[in-house]
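Chain by chain, the residues:
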Amino acid sequence: MQFLTASDPGFERAFERVVRNRRESDADVSRDVATMLNEVRERGDDALVEYTMRFDDHRLTHEADWTIDGEACEAAYRDLEPDLREALELAAKRIRAFHEHQLPADRDHTDEIGMRLGSRWRPVDAAGLYVPGGRASYPSSLLMNVIPAKVAGVERLVVTTPTPKGESNPLVLAAAHIAGVDEIWRVGGAQAVAAMAYGTERIAKVDVIAGPGNAWVAEAKRQLYGVVGIDMVAGPSEILVIADKDNDPEWIAADLLSQAEHDPTSQSILITDDKGLARMVEDTIDLQLMNLPTARTARASWDAHGLIVVVENIEDAVPLADRLAAEHVELAVADPQALFDRLRHAGSVFFGRHTPEAVGDYIAGPNHVLPTGRRARFASGLSVLDFMKRTSFIDASEAALAAIGPAAIRLAEAEGLPAHAKSVALRLK
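Residues numbered from 1 in each chain as written. Predicted model: local features only at pLDDT ≥ 70, side-chain atom pairs only at ≥ 80, totals over all residues. Heavy atoms only, no water.

Student: Would you mind showing me how to read the environment of Gly 360 here?
Tutor: If you trace the backbone, Gly 360 turns up in helix 16 (residues 357-362). What makes Gly 360 buried here is its relative accessible area of 10%. Discounting residues that sit within four places of it in the chain, Gly 360 has contacts with Met 144, Phe 350, Pro 366 and His 368. (Helix = DSSP H or I, 4+ residues; strand = E, 2+ residues; numbered from the N terminus. Buried < 20%, exposed > 50% of the residue type's maximum accessible area, 1.4 Å probe, protein only. Contact = heavy atoms within 4.5 Å.)

Next comes the structure, spelled out in structure tokens:
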């Protein structure tokens, strides 16, 4: 863990190293994934059989080995403890309500020259949702990915998930039942992403692929962008907490560890204007790690990528936060709105002392699939729009074309495209 003070002479160089640290896949991963994608494209189901046996120790022989049916999902839902079932239902309800407000409106108007212009939104025909089955096997992620696609109106939803030794996560199956998934394949990794993108004998291809995964899954999505649409290339999780002196160090320490426990490559950062709070949080993290079941992972993350920065004024945290463009930003300060008004780059922001990032992971409503690795500078979290496309339209009357046609002809001629110009000119005679 690094401890930096903004007024120190070497601060700028040290902080810039943190900003540039990608913590993502290397050349070996990229090369391996390229090979796997080509194998699935060329050999289809045969490649899936081999990779699934190699990586998941699961043999794809009979139909039941390939898919998980709706009855299994419904049974998993029925078998849940009542309070857990209610929690998942509440999460689904709130996620659905939030994303329904994202549905875009069609536009259709006639301008001053009588030309009708507009745009129409429609869902993609099929969406593929990747659900991890290893370290990060989370029903919350299934809800966050499937529900926006459902709200968008996607007719065919394809879920792929690895089932090591044939075992599936009952919570994920229960979430699939709640979300209304009816096509689940027991295939994971980069090979599953390839199957959804290219299609195989059994798995029909999709138009958009979304969902979290390990470095191989993320790299597969990156390489396949253009063959299909993707939600984003997600890297290791990250949290930035901006906290003033009036915070409970136990709360802040727990918030930082909530992301550190995801993966050894996750990153947790605290920026504060109080050195005393900084030291208390540092000590409290050590204490909390002693009793944390996920301490091994969280400790590795905190030791390798944790950072505490002390600034002179809490307002000085904002330009540093914009350089980090973090996935999650907590504003644990007296006036979070004032900082938020100045903040330009963040995946999702959590206001005040009683809004821990974890509430956004599960139950608040906004999507927890967010840009990482400084991509919040140009990207947004998963939304209904990721499963829709906009088609613009133009309807020109004879009078409308007469009004703007000469300008179109002039521009076409200036660009050296005479056929463009002629196609307009013929209609003006």
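Student: Honestly, the packing of aromatic side chains in this entry has me stumped. Any pointers?
Tutor: The geometry of an aromatic ring pair is captured by two quantities: the separation of the ring centres and the angle between the planes. The final tally for this structure, using the stated rule, is 4 aromatic pairs. A centroid spacing of 6.3 Å and a plane angle of 85 degrees characterise the contact between Trp 66 and Trp 185, whose relative ring orientation is edge-to-face. With a gap of 119 residues between them, Trp 66 in helix 4 (residues 63-66) and Trp 185 in strand 7 (residues 184-185) connect regions that are remote in the sequence. You'll find Trp 66 and Trp 185 in the same group, each marked buried. Against the face of Tyr 77 rests Arg 85, its NZ or CZ located 5.5 Å from the ring centre. (Phe/Tyr/Trp six-rings, centres within 6.5 Å; stacked < 30°, edge-to-face > 60°. Lys NZ or Arg CZ within 6 Å of the ring centre and 35° of its normal.)

Student: Looking at this structure, I do not really get a negative patch on the surface. What am I missing?
Tutor: Together, Glu 81, Asp 83, Glu 86 and Glu 89 line one region of the surface with negative charge. Within the secondary structure, Glu 86 sits in helix 6 (residues 82-100). (Patch = residues over 30% accessible without salt bridge, like charges linked within 9 Å, V, L, I, M, F, W, Y side chains within 5 Å. Areas by Shrake-Rupley, 256 points an atom, 1.4 Å probe, with all protein chains shown as cover. Salt bridge = Lys/Arg side-chain N within 4 Å of Asp/Glu carboxyl O. Lys, Arg positive; Asp, Glu negative; His and termini not counted. Charge placed at Lys NZ, Arg CZ, Asp CG, Glu CD.)

Student: Help me out: how do you make sense of helix 9 (residues 189-198) in this one?
Tutor: Counting buried positions along helix 9 gives 9 out of 10 residues, so the element sits mostly inside the fold. For helix 9, the complete set of buried residues consists of Gly 189, Ala 190, Gln 191, Ala 192, Val 193, Ala 194, Ala 195, Met 196 and Ala 197. Check the buried side of helix 9 and you find it contacts helix 2 (27-43), helix 3 (45-56), strand 5 (126-130), strand 6 (156-160), strand 8 (208-210) and helix 10 (215-224). Of the residues trailing helix 9, Gly 199 is marked for its positive phi of about 80 degrees.

Student: Just to check I follow, could you spell out the pairing of strand 5 for this structure?
Tutor: Each regular strand shows side chains that alternate between the opposite faces of the sheet. A large share of strand 5 lies buried, amounting to 5 of its 5 residues. Relative to strand 6, strand 5 is paired through 5 bridges, and the arrangement is parallel. Looking at the pairing, Tyr 130 lines up with Thr 160 of strand 6. (Pairing = 2+ DSSP bridges.)

Student: Is there a simple way to think about the nonpolar core in this case?
Tutor: Grouped together as the largest cluster of nonpolar side chains are 42 residues, with contacts concentrated most on Leu 129, Leu 142, Leu 143, Val 146, Val 154 and Phe 387. At the level of secondary structure, the elements contributing two or more residues to this core comprise helix 5 (70-78), helix 6, strand 5, helix 7 (139-152), strand 6, helix 8 (170-179) and strand 8. Element by element, the count of residues in this core is highest for helix 7, at 8 residues. The contact partners of Val 154, leaving out residues within four places of it in the chain, are Pro 123, Val 124, Asp 125, Ala 126, Ala 127, Ala 149 and Phe 387. (Core = buried A, V, L, I, M, F, W, Y, C linked by side-chain atoms within 4.5 Å.)

These figures come from the coordinates and say nothing about function on their own.
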